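As a plain string of letters, each chain reads:
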Amino acid sequence: MIYGTRLTQAREFCLLTQRALAAEVGISQGTLSNAERDKAELPSHVLTQIATATGFPVEFFQQAPRVRFDGLPTHFRARASMSAKESSQATRGGEVVAEAALAMLDQLEGPSLTISIPSDKTAPEQAAHALRDALGLSPSEPALGLPVLLEHAGFLVVALPLPSGRRDAFSLWFQGKPFLALLDTDAGDRQLWSAAHELGHIVLHHQAGASKILESEADEFAMHFLTPLHAMRKEIPAHPTIQDFALLKRRWGVSIAALVRVAHRLTIIDDHRYTSLFKQMAARGERLRERASISPVKPRGFRAMAETLFGLHPAPGLAKLANWTPALAEEVLNRHATGAELPSRRVTNVISLSSRRSRRA
């Protein structure tokens, strides 16, 4: 027996339409559609061809699905041009990786949620300050290493082996736990803002769907969370240059463009200077990609769980547990930090994992 949901997960993760996959394995689109809706069985040779086409083992399709995000309020940090196929690919990837994390948590006990969630009516600035306090950040401390800080606070944070492109991250509440999925990027400032933006959705909009107003509120939250205005007022010089903002970028982890907007909001720079700075960035080719680069921070928890269960080379054990190929397991694990890859002592290697069996003993 196979599960139709698994067919949909694998197909959409691979950006395949029903028509394209059906043609590749030599069946009609209607047959594949019926199989995805659990209204038809597929011959074993067709299932083997689907496994080859999608890169998921036959056993993956025979395992009952445990995670499905459809119908849950999901927030994407993405450009307006993101297609439905790109959204579905990221969502299905999140389901597959979240399911593997839950399978590991069946044998381990991770950190409990340690932050209180404000009501949906809380102002973004107030919520940002409350979350900084809850995460142990001082009023003038940058929120570097945010993905790992959130893991310590009981969030389930995963990184997906998908290029960010027009998508950066998405979040939702799942089984009573906040879930954050990060996509591949080599721009640490972009990743940090995306993580903070999604944190804003998690704490402000946990029961609400998507809208432009909610996106604006999440960005407002991210600005107050990552660049507290009282701290920025002290650190941004009276007549800042691009070089000044580049130095501040390295300290605070956010883009030069975001810092310029903060300086304008604080009236440290006027409209003319604001426009001039952005023109300078455009002339240098830095409006979409800034030269002063910052490395992204990988989340740690997923790999820490795998290492606890399967040792320092956990890909084979993870692949067997999740019914993945070893190659997919290795690809997912590589998006999560080893202990040596964590950026500083401020972001500790310990994720407070323990065996459920030892707890019961």
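That block above? That's the structure.
The text that follows walks through the structure, step by step, so that each part is easy to find. Values in this document were obtained by computation on a predicted structure and should not be read as measured data.

Side note on the nonpolar core
Part 1 of the argument: Ile50, Phe61, Phe170, Phe179, Phe302 and Trp324 are the most contacted members of the largest nonpolar core, which has 55 residues in total.
Part 2 of the argument: Top element by residues in this core is helix H6 (residues 84-105). It accounts for nine residues.
Part 3 of the argument: Beyond its immediate stretch of four places on either side in the chain, phenylalanine 179 contacts Phe69, Gly94, Ala98, Leu156, Val158, Phe170, Ser171, Leu172 and Ile202.
Part 4 of the argument: Counting 52 residues, the second largest nonpolar core, distinct from the first, contains Ala127, Ala143, Val203 and Phe221.

Structural notes on unusual backbone geometry
Part 1 of the argument: Notably, threonine 267 is not glycine yet its phi reads approximately 60 degrees, a positive angle.
Part 2 of the argument: One non-glycine residue with positive phi stands out, namely asparagine 323, at about 60 degrees.
Part 3 of the argument: Looking at where asparagine 323 falls in the secondary structure, it is placed in the loop between helix H16 (315-322) and helix H17 (326-334).

Observations regarding the packing of aromatic side chains
Part 1 of the argument: Per the counting criterion, the structure on display carries 10 aromatic pairs.
Part 2 of the argument: Taking 6.4 Å as the distance between ring centres and 70 degrees as the angle between the ring planes, the aromatic pair formed by phenylalanine 69 and phenylalanine 170 counts as edge-to-face. With phenylalanine 69 in the loop between helix H5 (58-62) and strand S1 (75-78) and phenylalanine 170 in strand S4 (residues 167-174), the pair connects residues that are 101 residues apart, well separated along the chain. Accessibility classification places phenylalanine 69 together with phenylalanine 170 in one group, the buried group.
Part 3 of the argument: Taking the centre distance of 5.0 Å and the plane angle of 70 degrees together, the rings of tyrosine 274 and phenylalanine 278 count as edge-to-face. One end of the pair, tyrosine 274, and the other, phenylalanine 278, are both in helix H14 (residues 271-283), four residues apart, so they sit about a helical turn from each other.
Part 4 of the argument: You can call phenylalanine 278 buried: its relative accessible area is 11%.
Part 5 of the argument: Taken together, the aromatic side chains of Phe69, Phe76, Phe170, Phe174 and Phe179 make up a single cluster linked through ring pairs.
Part 6 of the argument: Here the basic side chain of arginine 6 rests over the ring of phenylalanine 60, its NZ or CZ set 4.5 Å away from the ring centre.
Part 7 of the argument: It is arginine 132 that lies over the ring of phenylalanine 225; its NZ or CZ is 5.9 Å from the centre.

A look at H14
Part 1 of the argument: Over its 13 residues, H14 extends 18 Å from the first C-alpha to the last, a length consistent with the 18 Å expected when each residue adds 1.5 Å.
Part 2 of the argument: Every buried residue of H14 is accounted for by Leu277, Phe278 and Met281. Take H14 and look down its axis: the buried residues cluster within an arc of 95 degrees, on one side only. Projecting away from the buried face of H14 at angles above 90 degrees are the exposed residues His272, Lys279 and Ala283.
Part 3 of the argument: Backbone geometry just after H14 places glycine 285 at a positive phi near 70 degrees.

Side note on the side chain of histidine 201
Part 1 of the argument: Examined against the element boundaries, histidine 201 turns out to sit in helix H9 (residues 188-204).
Part 2 of the argument: On the accessibility criterion, histidine 201 (0% relative accessible area) is buried.
Part 3 of the argument: At 2.9 Å, the side chain of histidine 201 forms a polar contact with the side chain of glutamate 215.
Part 4 of the argument: For histidine 201, the contacting residues outside a window of four places in its chain are His75, Ser171, His206, Leu214, Glu215 and Ala218.

What about the packing of helix H15 (residues 301-310) against H17?
Part 1 of the argument: The interhelical angle for the contact between H15 and H17, taken along N-to-C directions, is 125 degrees, at an axis separation of 9 Å. As summarised for this structure, H15 and H17 are arranged oblique, according to the angle between their axes. Of the residues in H17, those in contact with Phe302, Arg303 and Ala306 of H15 are Val332, Leu333 and Asn334.
Part 2 of the argument: Considered class by class, the residues forming the contact of H15 with H17 number four nonpolar, one polar and one charged.

Cut-offs applied
Residues numbered from 1 in each chain as written. Predicted model: local features only at pLDDT ≥ 70, side-chain atom pairs only at ≥ 80, totals over all residues. Heavy atoms only, no water. Core = buried A, V, L, I, M, F, W, Y, C linked by side-chain atoms within 4.5 Å. Buried < 20%, exposed > 50% of the residue type's maximum accessible area, 1.4 Å probe, protein only. Helix = DSSP H or I, 4+ residues; strand = E, 2+ residues; numbered from the N terminus. Contact = heavy atoms within 4.5 Å. Phe/Tyr/Trp six-rings, centres within 6.5 Å; stacked < 30°, edge-to-face > 60°. Lys NZ or Arg CZ within 6 Å of the ring centre and 35° of its normal. Expected span 1.5 Å × (residues − 1). Arc of directions from axis to C-beta. Polar contact = N/O pair within 3.5 Å; in protein donor to acceptor, adjacent residues only side chain to side chain. Axes fitted to C-alpha atoms, helices over the stretch in contact; angles between N-to-C directions. Parallel < 35°, antiparallel > 145°, perpendicular 65-115°, else oblique. Nonpolar A, V, L, I, M, F, W, Y, C, P; charged D, E, K, R; others polar.

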